[in-house]
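Coordinates in review
Okay, here's what each chain looks like letter by letter:
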Amino acid sequence: MSGSWRDGVHPDILKDIDTLFGTGLGMAQEQLEEHGAFLPAALVLDNGGELRLIAVAPPETGDGEESGEVDADAMIQDIYAALQQQKDGFRAVAVISDIYLPDHDTDAIHVATEHSRGTAIAAIQPYSTDDTGRWIYPDPFIDPQERIVWPAEGGSN
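Attention here is on the structure that accompanies the text. (Residues numbered from 1 in each chain as written. Predicted model: local features only at pLDDT ≥ 70, side-chain atom pairs only at ≥ 80, totals over all residues. Heavy atoms only, no water.)

Let's shift gears to the overall build of the chain. When helices and strands are counted, the chain shows 2 helices and 7 strands. In the chain, the succession of α and β elements from N to C terminus is α-β-β-α-β-β-β-β-β. When the accessible surface of the chain is summed, it comes to about 9000 Å², and 47% of that surface belongs to carbon and sulfur atoms. (Helix = DSSP H or I, 4+ residues; strand = E, 2+ residues; numbered from the N terminus. Areas by Shrake-Rupley, 256 points an atom, 1.4 Å probe, with all protein chains shown as cover.)

Quick look at the structure:
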C-alpha cells in the first residue's frame, strides 16, 4: 500500500476520528445484536472534547399508519441539517448509518466522520449472521468522505 489516509494528519485529529470510529461502530453493533437493526444517528465531539449522541425522529409517513418502513435517507438529511446548524460547538462529527454494498451483496455499518480542521473519512464495516445467528463483523475498510458539515473551503489540516 502506497500510503495511509492517516499520513500527515495531526495526532489530535486522528485521536478524535478514532474515538468516533470506535464508538460509532460499537454503538451500531450493539443495536444490531439487540434489535437486528439500527437507525441513523450522529456522534459529536464538542469543543471541550465531550462525546454526545444526536438523533432525530423518523419522519412522519403522512398516512397516519405505521408502515414499519423508516425513511433513513430523510433522517440522515435531518441529522446533517442539525449538525450544520450547531457546527460551531463541535470539533468533530460522525454520522452512523446502515448501507447496502451491492458489490459484496451485504449490509454494512457506515461511519462518516468529519473534523472541523479538515479531515473527512468514512469507516465501512460489512456485517452478517452465520448459520447459528451469531453476528459477524469483518474488519472495516476506509473510504473517502465528502465534507458536508464543514465544506472544504472552510477547513484546513
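Okay, back to it.
Examined against the element boundaries, D16 turns out to sit in helix 1 (residues 11-35). Its relative accessible area of 6% is what places D16 among the buried residues. Within the local environment of D16, its side chain forms a polar contact with the side chain of R91, the two groups lying 3.0 Å apart. With near-sequence residues (within four places) excluded, D16 lies in contact with L45, R91, A92 and H115. (Buried < 20%, exposed > 50% of the residue type's maximum accessible area, 1.4 Å probe, protein only. Polar contact = N/O pair within 3.5 Å; in protein donor to acceptor, adjacent residues only side chain to side chain. Contact = heavy atoms within 4.5 Å.)

With that settled, consider the nonpolar core. Counting residues in hydrophobic clusters, the biggest one holds 21 residues, and the most contacted among them are L20, F21, L32, F38, I96, I109 and V111. Elements supplying a minimum of two residues to this core: helix 1, strand 1 (41-46), strand 3 (90-101), strand 4 (106-115) and strand 5 (120-129). For this core, the leading source of residues is helix 1, giving 8 residues. Of all hydrophobic cores here, the second largest spans 13 residues; its members include A42, V93, V149 and W150. (Core = buried A, V, L, I, M, F, W, Y, C linked by side-chain atoms within 4.5 Å.)

A few words now on the environment of G22. Residue placement: G22 occurs in helix 1. Relative accessible area serves as the criterion here: at 48%, G22 is assigned to the partly exposed category.

Looking along a regular strand, one sees the side chains alternate between the two faces of the sheet. Bridging between strand 1 and strand 3 involves 6 bridges; their strand directions are antiparallel. Following the sheet pairing, D46 is matched in strand 3 by F90. Bridge count between strand 3 and strand 4: 10 bridges; the pairing is antiparallel. Residue pairing for strand 4: L101 is matched across the bridge by T106. Between strand 3 and strand 4, which pair antiparallel one after the other, the connecting turn spans 4 residues, and D105 there sits at a positive phi close to 50°. (Pairing = 2+ DSSP bridges.)

Take the packing of aromatic side chains next. Here a ring pair, both rings aromatic, is described through the centre-centre distance and the interplanar angle of the planes. In total, this model carries 2 aromatic pairs according to the counting rule given. Seen from their ring centres, W5 and F21 are 6.3 Å apart, and the 75° between their planes marks the pair as edge-to-face. Of this pair, W5 sits in the segment before helix 1 while F21 sits in helix 1, and the two are 16 residues apart along the sequence. A relative accessible area of 22% means that W5 is categorised as partly exposed. Exposure remark for F21: the relative accessible area of 8% places this residue in the buried category. Arranged with centres 5.7 Å apart and planes meeting at 50°, the rings of Y127 and W135 form a pair that is tilted. Overall, the relative accessible area of 8% leaves Y127 in the buried class. Note on W135: relative accessible area 22%, which makes it partly exposed. (Phe/Tyr/Trp six-rings, centres within 6.5 Å; stacked < 30°, edge-to-face > 60°.)

In this structure the tally under the stated criterion is 3 salt bridges. One salt bridge in this structure joins D18 and R6, with 2.7 Å as the shortest N-O distance. Highlighted residues: D18 in helix 1 and R6 in the segment before helix 1, separated in sequence by 12 residues. Owing to a relative accessible area of 32%, R6 belongs among the partly exposed residues under this scheme. The salt bridge involving R134 is made with D130; its shortest N-O contact spans 3.3 Å. (Salt bridge = Lys/Arg side-chain N within 4 Å of Asp/Glu carboxyl O.)

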